[in-house]
Amino acid sequence: MTEEEDVHQTVTMPPMRPVEVAERQEAEPQARDTVFDIQGLTARYGTNVAVRDVNLEIYRNLITAVIGPSGCGKSTFIRCINRMNDDVPSFRLDGRILYHGADLYGDGVDPVEVRRRIGMVFQKPNPFPKTIYDNVAWAPRVLGLKKELDDRVEKALRSAALWDEVKDRLKRSALSLSGGQQQRLCIARAIAIEPEVLLLDEPASALDPIATSSIEELMHDLKRDYTLVIVTHNMQQAARVADRTAFFSLEVDDSGRAGVLVEYDETSKLFTAPSEKRTEDYVTGRFG
Amino acid sequence: MRVTFQEELDQLEASLQEEGALVLRVLRGALNALAQRDVELADEVIAFDDDVDRLYLQIEEGIQSLLARQTPVAMDLRLVLAMLHTNLHLERMADYSVTIAKLTKLVADVEPDPVLLQSLEDMGERAEEMIRVALDSLANRDLQAAESLVDLDELIDRSNRRFVERVVEIVADPGIREWVLRMVLVSRTLERIGDHAVDIGEQVAYLLTAEFREFTDASHPERA
């Protein structure tokens, strides 16, 4: 393949099979391999600006945390990353989100394909009212990945650190699991089709401290194979798990209120010597 | 706004300044005992060190508890770490003062050399000045004052060198030899107190700039 063809391919992002995790492991990750290059992102619901002019890059095999006070647009921001806002009628997006150089909102990009590569886990565990096995097997079946399905399900459950707890009751209802287990099941469900990116929107806020720490441990393990972006209210959680942290805040001016990116840096820098006064005030609890 | 947390931080910092004031009293006591060959005062200094140690422990425990419960970050974290170090430096200074008091007792019955004695008094006053500057630079968040400690330290170092030169001149006199040898340690001790004051200044600079930086580096003096 010539270099020109290679560039062409990344820009149009053709439908493709999910990249096998094993394949991704073989390629030694670059020091700073950019997965998302977000340029001038402004998201609106009707006339309300949810986030304004966000510029940042998200790097491969890192955990990137998004923190900030309520209403600062954290959730809107990560929902933009896998086109979850598409179905909101009044939603409008300006700027660009480049995924490996390809515009996620470009012509001809299939949102279903986007979500296959960029999975999402929500605040409240939301397993299907089906068996544990069927929850994990559901997406692979829909995508026609029926070969060696048992292995795929086991692998996903192992990756989500749930296998040992459920291997003897795979045919039982997912709703019989505890909250923490349900959330790990949702993670297993998301990774069963081997996406490249996992978005987690407050994944532990409905869980007790023990279940929370098991989710955090799991995130550490998962970043070997995946790029993770987590929205969290819990600053200490961001400090514990994330490599890089983005702090969003609300800015009020004549045109109204909008979420803006205030500071984005290595997590340890952000929590020891933030560059911005607003970040300092927020992380030390003097505001927000 | 985390009111309780802020109150605890303020309380710790007030205790640290209190400890600094105690250290100044202990050092002044030791210097007076030395100048006046006052064994009783030397004993008081030695006993008084327990008060410093109590306060040192109290601050240490306060910081431990604060870290466990409040997870300070950013400037708060740097202040807590700077206080942790400063606490230790102050405690060491008090121990050095005790060393001076003990050496004083050992040679209380020997007639001292007036030139050397005056030299030690001068160094002692410089050390006191440095402790005050260090504590004030922390209280006032004053980077410039913290950095000025390097120059003050140079003055103590110079006095220490002159002291040694004078010692070489008179050490042959058997009547004063033991006293002189003891006083070499006192001189060294005062010089160390100055170094600890500089170290506190470095903590103040860390608090204010978030950079770990040695003002002077004995093994790489050219970087100073």
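Residues numbered from 1 in each chain as written. Chains lettered and ligands numbered in written order. Predicted model: local features only at pLDDT ≥ 70, side-chain atom pairs only at ≥ 80, totals over all residues.

*Asks:* Please explain the interface of chain B and chain A as it appears in this structure.
*Replies:* Think of interface size as the accessible area that goes away when the parts come together; that is how it is often given. In this assembly, 10 residues from chain B lie in contact with 10 residues from chain A. Broken down by class, the residue content of the side of chain B that touches chain A amounts to 6 nonpolar, 1 polar and 3 charged. (Contact = placed C-beta atoms within 7 Å. Nonpolar A, V, L, I, M, F, W, Y, C, P; charged D, E, K, R; others polar.)

*Asks:* How should helix α6 (residues 177-209) of chain B be read in this particular structure?
*Replies:* One turn of the α-helix equals 3.6 residues, which is why residues spaced by three or four share an orientation. Between its first and last C-alpha, α6 of chain B extends 48 Å over 33 residues, near the 48 Å set by a 1.5 Å rise per residue. Directly beyond the C-terminal end of α6 of chain B, a positive phi value near 65° is found at Ala-210 of chain B. (Helix = DSSP H or I, 4+ residues; strand = E, 2+ residues; numbered from the N terminus. Expected span 1.5 Å × (residues − 1).)

*Asks:* Help me understand the environment of Tyr-96 of chain B in this model?
*Replies:* Residue and element names in this part refer to chain B. Tracing the backbone through its elements, the reader meets Tyr-96 in helix α3 (residues 74-106). Tyr-96 sits 92 residues away from Arg-188 along the chain, and the two C-alpha atoms are 9.8 Å apart. Those residues in contact with Tyr-96, other than ones at most four positions away along the chain, are Thr-189, Arg-192 and Ile-193.

*Asks:* Just checking my understanding: could you explain the packing of helix α1 (residues 3-36) of chain B against α3 of chain B for this structure?
*Replies:* Describing two packed helices takes the angle between their axes plus the distance from one axis to the other. All names here are of chain B. In contact at an axis separation of 9 Å, α1 and α3 are set at 15° when each is read in the N-to-C sense. Relative to α3, α1 is oriented roughly parallel. Here α1 runs over α3; the crossing is left-handed. In contact with Leu-9, Leu-12, Glu-13, Leu-16, Glu-19, Gly-20, Val-23, Val-26, Leu-27, Ala-30, Ala-33 and Leu-34 of α1, α3 contributes Asp-76, Leu-79, Met-83, Thr-86, Asn-87, Leu-90, Met-93, Ala-94, Ser-97, Ile-100, Ala-101 and Thr-104. Partitioned by chemical class, the residues of the contact of α1 with α3 number 16 nonpolar, 5 polar and 3 charged. (Axes fitted to C-alpha atoms, helices over the stretch in contact; angles between N-to-C directions. Parallel < 35°, antiparallel > 145°, perpendicular 65-115°, else oblique. Left-handed = near helix turned anticlockwise from the far one by under 90°.)

*Asks:* Honestly, the confidence of the model for chain B in this entry has me stumped. Any pointers?
*Replies:* Keep in mind that low pLDDT regions are not for reading the predicted coordinates in detail. Across chain B, the average pLDDT comes to 93, with 97% of residues at 70 or higher. Across the interface, the model reports ipTM at 0.74; the global pTM reads 0.81. (pLDDT = per-residue confidence, 0-100.)

*Asks:* I would appreciate a short explanation of the pairing of strand β8 (residues 227-231) of chain A in the present structure.
*Replies:* Every other side chain in a regular strand lies on the same face of the sheet, so the side chains alternate between the two faces. Residues and elements named next belong to chain A. Counted residue by residue, β8 has 5 buried out of 5 residues, so it is predominantly covered. The alternating pattern of β8 places Thr-227, Val-229 and Val-231 and Leu-228 and Ile-230 on opposite faces, both of which are buried. The pairing of strand β3 (residues 63-67) with β8 spans 4 bridges and is parallel. The partner of Val-66 across the bridge, within β8, is Val-231. Pairing between strand β7 (residues 197-201) and β8: 5 bridges, direction parallel. (Buried ≥ 20, exposed ≤ 12 C-beta atoms within 10 Å, placed from the backbone. Pairing = 2+ DSSP bridges.)

*Asks:* Hey, could you run me through the environment of Val-112 of chain A in this one?
*Replies:* Residue and element names in this part refer to chain A. Along the polypeptide, Val-112 turns up in helix α4 (residues 111-117). The exposure class assigned to Val-112 is exposed, which follows from the 11 C-beta atoms found within 10 Å. Distance in space between the C-alpha atoms of Val-112 and Arg-83 is 9.0 Å, their sequence separation being 29 residues.

*Asks:* In this structure, what is going on with the pairing of strand β9 (residues 244-253) of chain A? I would like to understand it.
*Replies:* Residue and element names in this part refer to chain A. Bridge count between β3 and β9: 4 bridges; the pairing is parallel. Bridging across to β9, Ile-67 finds its partner in Phe-247. Both β9 and strand β10 (residues 256-266) contribute to a ladder of 10 bridges, which runs antiparallel. Bridging across to β10, Asp-253 finds its partner in Gly-256. Where β9 folds back onto β10 in an antiparallel hairpin, the turn is made up of 2 residues.

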